[in-house]
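Reading the structure
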Amino acid sequence: MLVTGLLFVYVASAINDMEFSAWKDSHLQRYSMDLLTVLEKSGYLENAVITEDTSQLQNVIAKTSKSLCFLLNIKDSGETILSLQKQDCKITYKRRLITRRTFIARGDQTKVYEAELYGWYKEEL
Amino acid sequence: MSSCKGQLYSTDLVFAVVAFLVVLLTFLTLWQSGVTRISYFEAERWREEATRFAAEQLVETPGYPTHWEQIANITDTNVRSIGLAGERNVISPAKLQRFLSFQGQSEYELVKRILGVSRYEMGVVVENLDGDEIAGYKNTPPTNQSVSSVSRLAIYNGSIVVVRVYVWE
């Protein structure tokens, strides 16, 4: 009886400590997709590749939601050519989400690049 | 001659009853607290789903029909979906202006129905990345109750903006 009672207490206690992480993951995923979409459609990704200047991207990423951290890599044929990270974010996390988007840059020659965005919650540091 | 009398009131029995009551009371307290918590989560989850869906409609889709902003008298039957996007994550100024023009109570109720948040109150704010409001629709969310909020990034007039959708009971 005591064992059963303790089991019930354990279950009830587990229910009490329950949290939903699916919502947070879903929010982070949509926000990351939005971020890559607006960076591409605003031409910031293309500019960064052509000028090798990430200040526009850094400026936008710095103003994203305070609870979120991002690390953005821009790759050419799988090799990272530009990389930037939101300030005050350490690369230590329990979970991180990776979002990728390909885009075209029309510099000296038109090429396809890949933007790879790592996102995680700051509170998980 | 030995007797079994008195065993009912033995220390073991008293201890067992006390232990049982302690466990039972703890369980009932935790259970009640768990049920309350689950009910809260359930209500919150439905509200958050509705908020996410409304934000998705507004930022990712042009609405249906796609020229809904040109229809003079909007009803449930001639407009099935309201979206602000000319293309995904790019806000159409014409659609936003029309959306903001729905100021009457009946239009507000219609907008809520079409966006799927008729059970709740809602507000939409478009801000620049510094947090300055560019456009706002309807109510400001109350400070004394739970509010679901979804922020989506979009482009409006060539600038990156945040579209924030608030929903509350």
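Residues numbered from 1 in each chain as written. Chains lettered and ligands numbered in written order. Predicted model: local features only at pLDDT ≥ 70, side-chain atom pairs only at ≥ 80, totals over all residues.

Moving on to the overall build of chain B. The helix and strand tally for chain B stands at three helices and eight strands. Its helices and strands taken in sequence order, chain B reads α-β-β-β-β-α-α-β-β-β-β from the N to the C terminus. Seen through its principal axes, chain B has C-alpha atoms that stretch 105 × 40 × 25 Å. When burial is assessed residue by residue, chain B has 26% of its 169 residues classed as buried. Here the analysis covers contacts within chain B between residues at least 6 apart in sequence; of these, 62% occur between residues at least 24 apart. (Helix = DSSP H or I, 4+ residues; strand = E, 2+ residues; numbered from the N terminus. Buried ≥ 20, exposed ≤ 12 C-beta atoms within 10 Å, placed from the backbone. Contact = placed C-beta atoms within 7 Å.)

Let's shift gears to the overall build of chain A. Summing up its helical and strand segments, chain A has four helices and four strands in all. Put simply, chain A runs from its N terminus to its C terminus through helices and strands in the order α-α-α-α-β-β-β-β. Of all 125 residues assigned to chain A, the portion counted as buried reaches 23%. In chain A, once contacts between residues fewer than 6 apart in sequence are set aside, the share between residues at least 24 apart is 61%.

Looking now at helix α3 (residues 44–51) of chain A. Residues and elements named next belong to chain A. Here α3 has its buried residues at Leu45, Ala48 and Val49. Buried residues of α3, viewed axially, fall in a sector of 95 degrees; they line one side. One or two steps after α3, the chain reaches glutamate 52, where phi turns positive at roughly 55 degrees. (Arc of directions from axis to C-beta.)

Residues and elements named next belong to chain B. Spatial strand order, β3-β4-β7-β8-β5-β6: six strands in an open sheet with mixed pairing. Both edges of this open sheet fall to β3 (85–87) and β6 (133–138), since each of them pairs with a single strand only. Sheet analysis places strand β4 (residues 90–91) next to strand β7 (residues 147–156), joined by two bridges and oriented parallel. Residue isoleucine 91 lies in a different strand from β7, and its bridge partner there is tyrosine 156. (Pairing = 2+ DSSP bridges.)

On to unusual backbone geometry. Residue Tyr64(B) is joined to Pro65(B) through a cis peptide bond whose omega torsion reads 0 degrees. Among the secondary structure elements, Pro65(B) is positioned in the loop between β1 (63–64) and β2 (81–82). Here the phi dihedral of Glu52(A) falls at roughly 55 degrees; this positive angle occurs in a residue that is not glycine. Structurally, Glu52(A) can be placed in the loop between α3 and α4 (55–62). For Glu52(A), a count of 10 C-beta atoms within 10 Å gives the class exposed. Backbone geometry at Asn157(B) places phi at a positive 50 degrees, although glycine is not the residue there. Looking at where Asn157(B) falls in the secondary structure, it is placed in the loop between β7 and β8 (159–168).

With that settled, consider the nonpolar core. Counting residues in each nonpolar core, the largest one holds 54 residues, and the members touching the most others are Ala54(B), Leu58(B), Ala154(B), Val163(B) and Val165(B). Setting aside anything within four residues of it in sequence, one finds Ala54(B) in contact with Leu115(B), Gly116(B), Val117(B), Met122(B), Val165(B) and Val167(B). (Core = buried A, V, L, I, M, F, W, Y, C linked by C-beta atoms within 7 Å.)

To continue, consider the pairing of β6(B). All names here are of chain B. Relative to β6, strand β5 (residues 121–128) is paired through five bridges, and the arrangement is antiparallel. If you follow valine 125 over to β6, its bridge partner there is glycine 136. Linking β5 to β6, which pair antiparallel, is a turn of four residues; within it glycine 131 sits at a positive phi near 90 degrees.

Our next topic: the environment of Thr75(B). Following the sequence through the fold, Thr75(B) ends up in the loop between β1 and β2. Placed 36 residues apart in sequence, Thr75(B) and Val111(B) show a C-alpha to C-alpha distance of 9.3 Å.

Turning our attention to the sheet that holds strand β3 (residues 97–106) of chain A. Residues and elements named next belong to chain A. Across the sheet, which stays open at both edges, the four strands sit in the order β2-β1-β4-β3 with antiparallel pairing between neighbours. Either end of the sheet is taken by a strand with one partner, and the two such strands are β2 (79–85) and β3. Within the sheet, the average angular offset between the axes of one strand and its neighbour, ignoring direction, is 20 degrees. Here six bridges tie strand β1 (residues 68–76) to β2, and the two strands are oriented antiparallel to one another. Across the sheet, residue lysine 75 finds its bridge partner in β2, namely threonine 80. (Axes fitted to C-alpha atoms, helices over the stretch in contact; angles between N-to-C directions.)

A separate point is helix α3 (residues 105–115) of chain B. Think of an α-helix as 3.6 residues a turn; residues three or four steps apart then line up on the same face. Residue and element names in this part refer to chain B. Along α3, the positions that sit buried rather than exposed are Val111, Ile114 and Leu115. Axial view of α3: buried residues confined to an arc of 95 degrees, hence all on one face. Exposed residues lying more than 90 degrees from the buried face of α3 are Gln105, Ser106, Glu109 and Arg113. In this structure, the buried residues of α3 make contact with α1 (11–60) and β2. A positive backbone phi angle near 80 degrees is found at glycine 116, which sits one or two residues after α3.

To continue, consider the confidence of the model for chain B. For chain B, mean pLDDT is 89; residues scoring 70 or higher make up 95% of the total. The element-level mean pLDDT for chain B is lowest in β6(B), coming to 87, with β4(B) highest at 96. (pLDDT = per-residue confidence, 0-100.)

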